[in-house]
Amino acid sequence: MESARIAFRNLYRQKRRTGLTVSIIAFGVVAVILFSSLAGSFKNMMISQITDSMLGHLQVHRSGYVESLDTMPLNMIMEEKHIDQLKKALAEISEIEGYTLRILLGTLLSNYADTTNIKLSAIEPGNEKLVTPLLPGRITQGKFLEKGQILLPNLVARGLDLGVASEVVVIATNVDGSVNGTSLIVSGIVETAVGPSGKYGYIHIDDARELLRMESLQVSEVAIRLKDAEKLTLVMNKLQTALKGITDDKGKPVFEVHPWKALSPFNNIANMIDLMTIFIQVILVTIVLISIMNVMLMAVYERTKEIGTIAAIGTPPSSIMSLFIFEGLFLGIAGAAVGNITGWVLVQAVKAAEMTISFGQSDNILLAPQISLSTMLATTFIVILVTLLGAIEPAYKASQLDPVEALRN
Amino acid sequence: MQPLVIAKDLVKIYQAGEVEVKALRGVSFEIDSGQFVSFTGPSGSGKTTLLNLIGSLDVQTSGELIVAGQAVNQLNIRQRANFRGNNIGIIFQDFNLIPVLTVRENIEYPLLMVKPTPAAERHKIVSELMEKVGITEQAEKFPNQISGGQKQRVAIARALSTAPKLVLADEPTANLDKATSTRIIDLMKELKNQLGTSFIFSTHDPRVVSHADVIYVLEDGQLQTPTAENTMGHGGSK
Ligand SMILES: Nc1ncnc2c1ncn2[C@@H]1O[C@H](COP(=O)(O)OP(=O)(O)OP(=O)(O)O)[C@@H](O)[C@H]1O
Ligand SMILES: [Mg+2]
């Protein structure tokens, strides 16, 4: 490959310029790697905060329930036979790690002196811990829930001056409209989390059934945790297919499946982070394109006489073109390599520095930037592709030079 | 046998904006294989223009030009590059070596990029040529590490590497001192005798001209009628 050898020697001859161009490309690559790894880790961390501390990855409700979630209607709830059907469908899907049943209810909470509104999620403590493993971590005082107890959100606890072991009365209206109350002991105080259900209190599902005088098993929602969060769409499709055929007396489907994204406004932030990553990549592409075109045009201009010489002695235009294409290619490869290595080292350094950030009420969340091989390969591929694109025009120009004109230089 | 170069009523007109420059005004001549031919004449008389036409670097405005049996104005740009690569060696006034390649690599270049040749044969050709032009000791040096005369020796070897039928040299000695000029011309002549390659060169220098077998004098784009003196060597040593 004589073209490659000459291209390499020409780059070597212009050490400073080559170094500068490689640095510019590498800088762009480092920016992309750092940004996408940090933003990616921030995003993943936020997503897991939301899915692992309250939502789970997927939720199943009675059709129409989510639209009227604000009122937590008890007449739009899943009946025992539905729950059986759902459990059967869930058992079929191997990607599911576990699920938990919940009754959501709007109640009045009293400390015998003051009363306040509070939304409660009535849970199966064991399954809830499995589906939302970060929930126990949100408990700042006291401990997790048992039957006859309540986990209070910190704002309500402060407002009503309640602490661990305080006794409260919870009053709820059941589906028939009659009112019932029960007294519970505060087992712990739970920190609010970012998201729609971040300010809920928690009680045991059996207490809720007694309070609401439910004779059979009825639940408002089923939250599901996946073994691998990346398989969201796949599992969602499987589940929807399995539940599609199940209809009520009026022929309408009983179930509705929602991914966490549809249940949390945070999804928009996640999308914005993705958008910004793309934006940074576009900037990288622009930097690479402009610097390569610039440096290659400069090379062609400077070496006009040399190009005239090799054209005069019979070098075919395609070979002259390949000479400059190789130069661009080498610059791209070198820039991508230096950038990837530097970027990787910096990511490891950030990881080693154990930087923490705060998000919502939770702080000291460890920033763990991850750089995947596929991101590095994709960045490399894009950079090399763009350097080729940037080199084509100058290379073509060189190949089309008239030797007589060029030699006059 | 057909002459190597046949020119009939060659006209070359340059269009410089509004102005037409008649660089060649009907030039006719024939050059046989194995000759050592010189075109001389004052500055602007059309020497470079004529050599560019013979070398298929440019095409005539009118008239006929046949080089190595080929009417070169009928070839497109790519075919002309190919034609040059196969038939013509070029030597430049300011040597025009590739600065990033060593002496050896410069001579090897046409055998890689112009007329690809198997490695063993390539190395043999390059070594022999370096020997012939007396540059073997400089083989691994870069052009900026050798003298002007040595550079022109390298350029001659490069021009000969593809074993062309014809070598063109536009003022090959203009950038060399008198003594070196004479040695370079002697070298070219010697190589012509050894290899049978034809050489056509242009020059201002009367001392260089005197080495030619055939001397053509150009003036204002026209050939002067050959005098007895300047056709002296016609058909001479081969
Ligand atoms: N590209 C061009 N455009 C316009 N005019 C040109 C061009 N090339 C050459 N000429 C003109 O053609 C004429 C012949 O030029 P040419 O270069 O062939 O002369 P020359 O004999 O080689 O001169 P010198 O000894 O100075 O090298 C001159 O008048 C020159 O100005
Ligand atoms: Mg000239």
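For the structure given in this document, a descriptive report is provided here. The model shown is predicted, which means the values in this text are computed figures rather than measured ones.

## Details of the overall build of chain A
Here comes step 1: When helices and strands are tallied, chain A shows 13 helices and 12 strands.
Here comes step 2: Relative to a compact globule of 409 residues, whose C-alpha radius of gyration would be 22 Å, chain A shows 31 Å and is clearly more extended.
Here comes step 3: Judged by the C-alpha coordinates and their principal axes, chain A covers about 100 × 50 × 30 Å.
Here comes step 4: Working note: accessible area of chain A is about 19100 Å², and carbon and sulfur atoms make up 58% of it.
Here comes step 5: Measuring between centres, the 34 positive side-chain charges of chain A sit 10 Å from its 37 negative side-chain charges.

## As for the site of ligand 1
Here comes step 1: The environment of ligand 1 is made up of 14 residues, and the closest members are Ser43(B), Gly44(B), Lys47(B), Thr48(B) and Thr49(B).
Here comes step 2: The local environment of ligand 1 is shared, drawing residues from chains A and B.
Here comes step 3: Between ligand 1 and Gly44(B) there is a distance of 2.8 Å, counted from an oxygen atom to a backbone nitrogen or oxygen.
Here comes step 4: For ligand 1, an oxygen atom lies 3.4 Å from a polar atom in the side chain of Glu171(B).
Here comes step 5: Looking at the shell around ligand 1, the elements that each hand over two or more residues are β2 (19-31) and α1 (47-54) of chain B.
Here comes step 6: No other element matches the 3 residues that α1(B) contributes to the shell around ligand 1.
Here comes step 7: Tallied by class, residues from the shell around ligand 1 come to 4 nonpolar, 7 polar and 3 charged.

## So, the pairing of strand β5 (residues 149-153) of chain A
Residue and element names in this part refer to chain A.
Here comes step 1: The buried fraction of β5 is high, at 5 of 5 residues.
Here comes step 2: Side chains Gln149, Leu151 and Pro153 of β5 all project onto a buried face; the interleaved residues Ile150 and Leu152 project onto the opposite face, where all are buried too.
Here comes step 3: The sheet contact formed by β5 and strand β7 (residues 179-190) spans 5 bridges and is parallel. Bridged to glutamine 149 within β7 is isoleucine 185.
Here comes step 4: Relative to strand β8 (residues 201-204), β5 runs antiparallel, the two being bridged by 2 bridges. Paired with isoleucine 150 across the bridge in β8 is isoleucine 203.

Analysis parameters
Each chain carries its own residue numbering, running from 1 in the direction its sequence is written. Chains carry letters and ligands carry numbers; both start at the beginning, A for chains and 1 for ligands, and go up in the order they are written. For a predicted model such as this one, the threshold for reporting local features is a pLDDT of at least 70, and the threshold for listing and counting side-chain atom pairs is 80 or more; totals across whole chains, interfaces and linings nevertheless cover every residue. By convention in this description, side-chain values take in all heavy atoms of the structure and omit both hydrogens and water. Going along the chain from the N terminus, every DSSP run of H or I of four or more residues is numbered as a helix, and every run of E of two or more is numbered as a strand. The globule rule is 2.2 Å times the number of residues to the power 0.38, and the radius of gyration it is compared with is taken over C-alpha atoms. Note on areas: Shrake-Rupley, 1.4 Å probe, and residue coverage restricted to the protein chains presented here. The sign given to each residue is positive for Lys and Arg and negative for Asp and Glu; His and the chain ends receive no count. Positions of charges follow a simple convention, taking NZ of Lys, CZ of Arg, CG of Asp or CD of Glu. Whether a residue is near a molecule or strand depends on its heavy atoms: if one lies within 4 Å, it is near. Polar contact is the term for a pair of N or O atoms within 3.5 Å; when the atoms are in protein, one must be able to donate a hydrogen and the other to accept it, and sequence-neighboring residues count only if both atoms are side-chain atoms. Amino acids are sorted into nonpolar (Ala, Val, Leu, Ile, Met, Phe, Trp, Tyr, Cys and Pro), charged (Asp, Glu, Lys and Arg) and polar (every other residue, Gly among them). Whether a residue is buried, partly exposed or exposed follows from its accessible area with a 1.4 Å probe, protein chains only, as a fraction of its type maximum: under 20%, in between, or over 50%, in that order. Strands pair, by our definition, only if DSSP identifies at least two bridges between them.

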